[in-house]
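# Structural overview
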Amino acid sequence: MKSTIFISKQRSAPLVFTRHSSFTIGNVNMAMVGVRICASLPSLFCSRLLRPELKSICSYHKKVVDHYENPRNVGSLDKNSKRVGTGLVGAPACGDVMKLQIQVDENGKIVDAKFKTFGCGSAIASSSLATEWVKGKSLDEAMKIKNSDIAKELCLPPVKLHCSMLAEDAIKAALSDYRIKQQDKKEEHAKASS
């Protein structure tokens, strides 16, 4: 939780807000805050470094933290393979860039998915979740994954919805790239047989 300093005219020691406990309202984890008095500014900075309860008040949901700290399916697939579709999308407003790749078997089922993302924790979590969800799905089923489903699963706040939108766009771009490669493959076979 961020500590906020208020120095009153009556006191020489700053007041510092500290976290005492937390509780949940719906899907939102709230923190109860108390006030303590520090003897001096050096003790404030020292206690801030040594006390783990002085963490940021605006924290990510536990599902986002889980996917951020333990991302699933990080890496790359062979982009030149006809069985691999690659989607590369970005959001100029926030600077997030997401690459999502899918590998499809001969039956049209997604057998593997990988991602690389440059961005915030919500962008990384959205990418990680998207790769988990597309695995084992057909191309049509994967196309039905919506950003609202990703945002709901990760409990993203409105300010982070662009991350789930990027994940949906990356899935669609990867599917589109795969379909283009398959069309090119069919055209090559047609030319070779004529």
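Reference entry: report on the structure contained in this document. Note that this is a predicted model, so its numbers are computed, not measured.

Next up on the list: the packing of helix 2 (residues 62–69) against helix 3 (residues 121–134). At their nearest, the axes of helix 2 and helix 3 sit 8 Å apart, and the two run at 80° to each other. With respect to helix 3, the element helix 2 is oriented roughly perpendicular. For the pair formed by helix 2 and helix 3, the contact residues are V64, H67 and Y68 on the first element and G121, S122, I124, A125, S128, L129 and E132 on the second.

A word on the packing of helix 3 against helix 5 (residues 147–154). One can describe the packing of helix 3 onto helix 5 by two numbers: an axis separation of 10 Å at closest approach and a directional angle of 110°. As judged from the angle between their axes, helix 3 and helix 5 are roughly perpendicular. When the axes of helix 3 and helix 5 are compared, the crossing they make is right-handed. For the pair helix 3 and helix 5, contact is made by A125, S126, L129, A130 and W133 and by D149, I150, E153 and L154, respectively. Residue composition of the contact of helix 3 with helix 5, grouped by class: 6 nonpolar, 1 polar and 2 charged.

So, about helix 3. Taking 1.5 Å of rise per residue, 14 residues should cover 20 Å, and helix 3 covers 20 Å from first to last C-alpha, within 8% of that figure. Counting buried positions over the 14 residues of helix 3 gives 12, a clear majority of the element. Looking only at helix 3, the buried set comprises G121, S122, A123, I124, A125, S126, S127, S128, L129, A130, T131 and V134. Just past helix 3, the residue G136 takes up positive phi, approximately 85°.

Quick notes on the rules
- Position numbers for residues start from 1 in each chain and track the written sequence from start to end.
- Owing to the predicted nature of the model, reporting of local features is limited to residues with pLDDT of at least 70; listing and counting of side-chain atom pairs is limited to 80 or more, with chain, interface and lining totals taken over all residues.
- Each side-chain value is derived from all of the structure's non-hydrogen atoms; neither hydrogens nor water enter the calculation.
- Simply put, an axis is a line fit to the C-alpha atoms, just over the touching stretch for a helix, and the angle between two N-to-C directions goes from 0 to 180 degrees.
- Comment: elements are numbered from the N terminus, with helices defined as DSSP H or I runs of at least four residues and strands as E runs of at least two.
- For classification purposes, an angle smaller than 35 degrees is called roughly parallel, one larger than 145 roughly antiparallel, one from 65 to 115 roughly perpendicular, and anything else oblique.
- In this analysis, two residues are considered to be in contact whenever any of their non-hydrogen atoms come within 4.5 Å of each other.
- Handedness of a crossing is defined here by the sense of rotation of the near helix relative to the far one, left-handed for an anticlockwise turn of less than a right angle and right-handed for a clockwise turn.
- Residue type decides the class: Asp, Glu, Lys and Arg count as charged, Ala, Val, Leu, Ile, Met, Phe, Trp, Tyr, Cys and Pro as nonpolar, and the leftover types, Gly among them, as polar.
- Given the number of residues in a helix, its expected span is that number minus one, multiplied by 1.5 Å.
- Three labels apply to residues, based on accessible area from a 1.4 Å probe with only protein chains included: buried if under 20% of the type maximum, exposed if over 50%, partly exposed otherwise in between.

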